[in-house]
Structures are given as structure tokens and as C-alpha cells.
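Report on the structure
Chain by chain, the residues:
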Amino acid sequence: MIDLHTHSSASDGSWTPEKLMHMASEAQISAIALTDHDCVDGIFEAEKAAGKLGIQLIRGVEIEIAFSPGEFHLLGLDLAPGKSLDSLKETALYGTLKSLAKAREDRNRRVLQKFADAGFPVNYDEIKERYGARMIGRPHIAEHLVDKGIVKNKQKAFNEYLAKGRPYFIQKECVSLETAIPLIHDAGGLAFVAHPLSLYVSWPHLKTLLEDWKELGLDGIEAWHPLARVTDCERLEKLGRELGLRISAGSDYHGPIRPDRKLGLTSGDRPIADMYLSALKR
């Protein structure tokens, strides 16, 4: 098995990059992409661990793109191939990710300030202290709301307060696709639309979008994702191949924080075959 979409504690996953590599080894995964949100810092720890375990680490990232009506996430896969990891720090992509991280921090503080102004007993510094150096996101804020007794569970936190369209939602800063694709390419990577069904567009519109995005340099789509039905994944793969796009598959694994996603498995609990590594061939 392989897995081309996973997350570590460097963003919003449960396990440290090193622990994630050990989990992959126990699952007999031969190649794994670490694709943390707006962050490549976990790759350094993961690559060291993967090397000791005999696992091929694929350097990656997941970037949120400004889009409506749904959510548009872009995967950058196989960054800096054949180059040292330190070379990533010299790329425009790395600088942009650092700027996005600062904007995320500012957004989080604004969200918590809205809660505080409404009289809720919340404190962003408490969240930072609990999670340390980890990148803080809405899942951590939701967990804080549960801890404070404001909601019964994290899903209610999103449904009532934090989801798009809810009263305490603040859109985080995103980059445009026209900006993101060249950043990934300049860093040596390939650009894939992650879980395309989260765009929430019709199938005819999706085809038109993919055709337009291919003109911008889009390389492929993540046709296989655990939250999509097998029939939809098969349809996505067929569409992608018809358009001449590369096809990837992933678990979008986060660890126990999202128990519905299992390392090395995708839609229908199907193991991710190593044939999808061909999506990264130049």
C-alpha cells in the first residue's frame, strides 16, 4: 500500500511526523506523502524517520485556495525531488506558507475575540499552551469549546459556531490558484486538486473547471478519497484521465482526531495500490 495524502501534528493531525512514519511502517505502507495544511516543516522530521524505516517519503503540502461555493484544497506533491530538504526553505512556496501561517494565527485570535466579546469563557493562550508549537486551527478551537462546556461535542461547535456561514466563522487568508500552481511548480512539485467533490459544483461544471485549471498548469486530481463514494471516485478517475490529468489517491489521514479515515485506505476502505505512484512520474 501507499498513501498520497496524510497529516501530522505539524498541522492538524494527531501524531507527530515521526510517529506517523512508525504508524505507516506498522501498516506496511511503502510510500507516504506528508501533506500538512499550509506547512512543510513536518517533512524534516518525517523524512529522517522514514529513512530509518525504509519508507519512501513524498514531500507534500495542502494549500487552501480562494473559492466558492465549496472548499478548494490544492495538494503539492513530490516537492524538491532529488534535492536537499534545505532547498525547500529557499523557495517562494516556503515564504508564502510562512505568511499564511501568520495570517492563520491572526484569524484565530480574531475568532476567539468574537467569542470573548460575546461573553464566552475562552482564551486563545490556553489553546496555544495545550498544543504547543502545533499549528492551531478550527478543530483545536472546537475542542476548546467542548472543554469549556459551551458545546457537547466538536461537531456541534462547527454546526453552531465555526463552520462557513456560522456566526463566528472568519475566512482565513487564502491564495489564488493562479498563484499557488506556479509556487508548487517552482518548488519542483506537482499540483493536484484534493477531494474535488468538496468544491460542491455539478459534474458538468467540474469538468469545465478542470479544463480551465489544466490551462493554468494543474497536473492532476485526487480521484480517490475516503469521504467520497466508490462510484464517484471511479467517475472522477475516468474524468481525470479523459482530460489528461494525473490521478492520485489518499486517505487524508489525521489520526484518532478523525477516526473515519484510515492510513493507507481510501473510499470503500480500499487499500491504496502503488500503481498511483505513477502519478508522480515526470
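Structure: above.
Source: prediction; values computed, not measured. (Residues numbered from 1 in each chain as written. Predicted model: local features only at pLDDT ≥ 70, side-chain atom pairs only at ≥ 80, totals over all residues. Heavy atoms only, no water.)

To continue, consider the overall build of the chain. Looking only at helices and strands, the chain features 9 helices and 9 strands. Here the chain has a C-alpha radius of gyration of 18 Å; the compact-globule value for 282 residues is 19 Å, and the two agree. If one aligns the C-alpha atoms of the chain with their principal axes, the spans along those axes are about 55 × 45 × 35 Å. When each of the 282 residues of the chain is scored for burial, the buried share is 53%. Surface exposure of the chain reaches about 12500 Å², of which carbon and sulfur atoms provide 49%. (Helix = DSSP H or I, 4+ residues; strand = E, 2+ residues; numbered from the N terminus. Rg over C-alpha atoms; globule rule 2.2 N^0.38 Å. Buried < 20%, exposed > 50% of the residue type's maximum accessible area, 1.4 Å probe, protein only. Areas by Shrake-Rupley, 256 points an atom, 1.4 Å probe, with all protein chains shown as cover.)

In this model, the largest pocket occupies a volume close to 1300 Å³. Lining the largest pocket are 45 residues, with Glu71, His73, Arg138, Arg258 and Arg261 sitting closest to its centre. Among the elements of the structure, β3 (56-65), α3 (92-117), α5 (138-147), α6 (154-162) and β6 (220-224) are those that each provide at least two residues to the lining of the largest pocket. For the lining of the largest pocket, the element with the highest residue contribution is α6, accounting for 4 residues. (1 Å grid on protein atoms, 1.4 Å probe; cavity = no way out; pocket = protein on both sides within 12 Å on 5 of 7 lines; lining within 4 Å. Points joined across faces, edges and corners; volume = space filled by probe spheres on them.)

Bringing helix α9 (residues 230-242) into the picture now. Spanning 13 residues, α9 covers 18 Å between terminal C-alpha atoms, matching the ideal 18 Å at 1.5 Å per step. Every buried residue belonging to α9 is among Asp232, Cys233, Leu236, Glu237, Leu239 and Gly240, and all of these are buried. Down the axis, α9 shows its buried residues gathered within 165 degrees of arc, on one side only. Facing away from the buried side of α9 by more than 90 degrees, the exposed set consists of Thr231, Lys238 and Glu242. (Expected span 1.5 Å × (residues − 1). Arc of directions from axis to C-beta.)

Another point: the nonpolar core. Ranked by size, the top nonpolar core spans 68 residues in total, and within it Ile32, Ile63, Leu74, Leu210, Trp213 and Leu218 carry the most contacts. For Leu74, the residues in contact, after removing those within four places along its chain, are Val61, Glu62, Ile63, Ile65, Leu177, Ala180, Ile181, Ile184, Ala191, Phe192, Val193 and Leu218. (Core = buried A, V, L, I, M, F, W, Y, C linked by side-chain atoms within 4.5 Å. Contact = heavy atoms within 4.5 Å.)

Within this structure, the stated rule accounts for 9 aromatic pairs. Their ring planes at 70 degrees and their centres at 5.5 Å tell us that Phe115 and Phe120 sit as a pair that is edge-to-face. Considering the side-chain rings of Phe120 and Tyr168, the 6.1 Å spacing of their centres and the 85 degrees angle between planes classify their relative orientation as edge-to-face. Pair noted here: Phe120 is in the loop between α3 and α4 (124-131) and Tyr168 is in the loop between α6 and α7 (177-186), with a separation of 48 residues, a long-range link. Residue Tyr168 is classed as buried on the basis of its relative accessible area, which comes to 13%. Taken together, the ring pairs connect Phe115, Phe120, Tyr161 and Tyr168 into an aromatic cluster. The cationic tip of Lys19 hangs over the ring face of Trp15; the distance from NZ or CZ to the ring centre is 5.4 Å. The ring of Trp203 carries the charged tip of Arg235 above its face, separated from the ring centre by 4.1 Å. (Phe/Tyr/Trp six-rings, centres within 6.5 Å; stacked < 30°, edge-to-face > 60°. Lys NZ or Arg CZ within 6 Å of the ring centre and 35° of its normal.)

Both faces of strand β5 (residues 190-193) are covered, namely the face carrying Leu190 and Phe192 and the face carrying Ala191 and Val193. Examined bridge by bridge, strand β4 (residues 72-77) and β5 share 4 bridges and lie antiparallel to one another. If you follow Gly76 over to β5, its bridge partner there is Ala191. Where β5 and β6 come together, 2 bridges link them in parallel fashion. Each residue of the ladder has a partner; that of Phe192, found in β6, is Gly220. Between β5 and its parallel partner β6, the chain crosses via helix α8 (residues 203-216), and the hand of that crossover is right-handed. (Pairing = 2+ DSSP bridges. Right-handed = clockwise from strand over helix to strand, strands pointing away.)

Here the focus is the sheet that holds strand β7 (residues 246-249). With respect to topology, 7 strands assemble into an open sheet ordered β1-β2-β3-β4-β5-β6-β7, the strand pairing being mixed. At either margin of the open sheet sits one strand with a lone partner, and together these are β1 (2-6) and β7. Taken pair by pair, the neighbouring strands of this sheet meet at an average axis angle of 30 degrees, ignoring direction. One ladder, built from 4 bridges, connects strand β2 (residues 31-34) with β3; its direction is parallel. Considered in β3, the bridge of Leu34 is made with Arg59. Lying over the sheet, α7 contacts β3, β4 and β5, oriented at roughly 15 degrees with respect to β4. (Axes fitted to C-alpha atoms, helices over the stretch in contact; angles between N-to-C directions.)

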